[in-house]
Amino acid sequence: MKRYGNLYENISSLPNLYIAHRHARRGKTRYAEVQHVDKNKDKLLERLHEKLVQQTYTTGEYKIKKIYEPKERTIYALPYYPDRIVQHAAMNVLQPIWDKTFIYDLYSAIPNKGIHRAINRLRSFLNDTKNTKYCLQFDIKSYYPSMNHRILMNLIQRKIKCKKTFWLLKDVIDSLEGETNIPIGNYLSQYFGNIYLSDFDHWLKEQQKTKYYIRYNDDGIILSDSKDALWQLLYKIQDYVETRLQLKLNAKTRIYPVDTIGIDFLGYKTYRTHTLLRKRTVNKFKRKLKEIKNHHTEIKSQHIISSVMSYVGWMQHGTCYNLLCKYILRDKQLNEIMNQCSNELGHQNPLKQKYGEETW
């Protein structure tokens, strides 16, 4: 396996820090800390460059908050400067290296992949009716809080031999006390999540010969023509993740017939002939539209348009035209609100641009 050295000079270089700042600020230009860096960009980035060169940089303190949707999680947020810029700088150099190591059917946090590409891939698998009768669906219990720092660093060392780069990554990984827990919210963490299970992916594909396998972060599905074969594989998977990775499978891991249940995965319920939005996603969508219609005068116009069009995008990737018509395209109140918001922002209602006016 090829290992890469002499990476740190590129990571810490001033041109790379400018690129990292440009990437890190996307969608965040309204934040005061981002505006502060914009106003003092040259001075602050040069100062950060010196800290990295001298290896006096260390990961800052986290702001911690809990979220409860779709489940309770602890989110760790670092300051924009210098920490988020540093993590983007590292990813600029390391991402192309790591991407080459992943299996084709890993879809989380990888450019030009994502949820909808994963669902399209699942649909293509289901075309092989004979060999996709049963589904083994698993996820890892408390994945990020359970990731072991030492195991992760050993996995990283298999590709990265640059000592200074490893020092930087170790500083981020050990920025929380204890032997486990990779902070959800770090830009690097999403790739650490891919790396931690990458050997497991290759073991499934190359040693266990699983033809139909998709992983998105800690969620995975395996399709087969044999229920018994999947049960045998599940015992092997359980042993692998517990002994080699010090993880546990979630209790909701299960094996079931595809044709009678459909596959509830990544926000969609996928059948052989059609794909629906998950019921929980639909209910969240309805609550959001109700909130918009009842409180639109208190919500920023851009947020309203972004929220509505986000759900339109989700529906476009499923068999959801009736749902789209009933709750969006033919809802006169919602379209009036969308018109008002679009006028305030100085552009045309994106629903009209996309579907024309005849739908309502």
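Here's what I pulled together on the structure shown here. (Residues numbered from 1 in each chain as written. Predicted model: local features only at pLDDT ≥ 70, side-chain atom pairs only at ≥ 80, totals over all residues. Heavy atoms only, no water.)

Structural notes on the overall build of the chain
Next, step 1: Along its length, the chain carries 18 helices and nine strands.
Next, step 2: Considered along the principal axes of its C-alpha atoms, the chain spans approximately 65 × 60 × 30 Å.
Next, step 3: When burial is assessed residue by residue, the chain has 48% of its 360 residues classed as buried.
Next, step 4: As presented, the chain carries roughly 18900 Å² of accessible surface, and 47% of it is formed by carbon and sulfur atoms.
Next, step 5: Charged side chains in the chain number 60 positive and 36 negative. The centres of these two groups are separated by 3 Å. (Helix = DSSP H or I, 4+ residues; strand = E, 2+ residues; numbered from the N terminus. Buried < 20%, exposed > 50% of the residue type's maximum accessible area, 1.4 Å probe, protein only. Areas by Shrake-Rupley, 256 points an atom, 1.4 Å probe, with all protein chains shown as cover. Lys, Arg positive; Asp, Glu negative; His and termini not counted. Charge placed at Lys NZ, Arg CZ, Asp CG, Glu CD.)

Focus on the pattern of salt bridges
Next, step 1: Under the definition given, this model contains eleven salt bridges.
Next, step 2: In this structure, the salt-bridge partner of Asp38 is Arg25, at a minimum N-O distance of 2.9 Å. Taken together, the positions of Asp38 in helix H3 (residues 32-39) and Arg25 in the loop between helix H2 (14-24) and H3 put the pair 13 residues apart, joining distant regions of the chain.
Next, step 3: Given the relative accessible area of 27%, Asp38 is considered partly exposed.
Next, step 4: The class for Arg25 is partly exposed, based on a relative accessible area of 25%. (Salt bridge = Lys/Arg side-chain N within 4 Å of Asp/Glu carboxyl O.)

Considering helix H8 (residues 149-157)
Next, step 1: Regarding H8, the residues found buried are His149, Ile151, Leu152, Met153, Leu155 and Ile156.
Next, step 2: Against the buried residues of H8 lie helix H5 (80-99), helix H9 (163-173), helix H10 (189-196) and helix H11 (198-207).
Next, step 3: Sitting at the amino-terminal end of H8 is Asn148, which places a side-chain oxygen 2.9 Å from the backbone nitrogen of Arg150. (Contact = heavy atoms within 4.5 Å. Polar contact = N/O pair within 3.5 Å; in protein donor to acceptor, adjacent residues only side chain to side chain.)

Quick look at H5
Next, step 1: Taking the largest bend as the criterion, H5 deviates by roughly 45°, centred on Val93, and proline Pro96 comes between one and four positions later.
Next, step 2: H5 sits mainly inside the fold: 15 of its 20 residues count as buried. (Bend = angle between axes of the 7 residues up to and from the residue.)

Here we look at the side chain of Ser301
Next, step 1: For Ser301, the location among the structural elements is in helix H15 (residues 301-316).
Next, step 2: Within the local environment of Ser301, its side chain forms a polar contact with the side chain of Glu344, the two groups lying 2.5 Å apart.
Next, step 3: Contact partners of Ser301, with chain neighbours within four places excluded, come to Cys341, Glu344 and Leu345.

Observations regarding the sheet that holds strand E8 (residues 268-270)
Next, step 1: The sheet built from three strands is open, its strands ordered E7-E8-E9 with antiparallel pairing. Strands at the two margins of the open sheet, each flanked by one partner only, are strand E7 (263-265) and strand E9 (275-277). Along the sheet, successive strands turn relative to each other by an average axial angle of 25°, direction set aside.
Next, step 2: Across three bridges, E7 lies against E8 in antiparallel orientation. (Pairing = 2+ DSSP bridges. Axes fitted to C-alpha atoms, helices over the stretch in contact; angles between N-to-C directions.)

Considerations on the packing of aromatic side chains
Two numbers describe a pair of aromatic rings. These are the distance of the centres and the angle of the planes.
Next, step 1: Scanning the entire structure with this criterion turns up 17 aromatic pairs.
Next, step 2: Among the aromatic residues, those joined into a cluster by ring pairs are Phe138, Phe200, Trp203, Tyr213 and Tyr240.
Next, step 3: Lying across the ring of Tyr104, Lys113 places its NZ or CZ 4.9 Å from the centre.
Next, step 4: Lying over the aromatic face of Tyr256, Arg254 brings its terminal NZ or CZ to 4.2 Å of the ring centre. (Phe/Tyr/Trp six-rings, centres within 6.5 Å; stacked < 30°, edge-to-face > 60°. Lys NZ or Arg CZ within 6 Å of the ring centre and 35° of its normal.)

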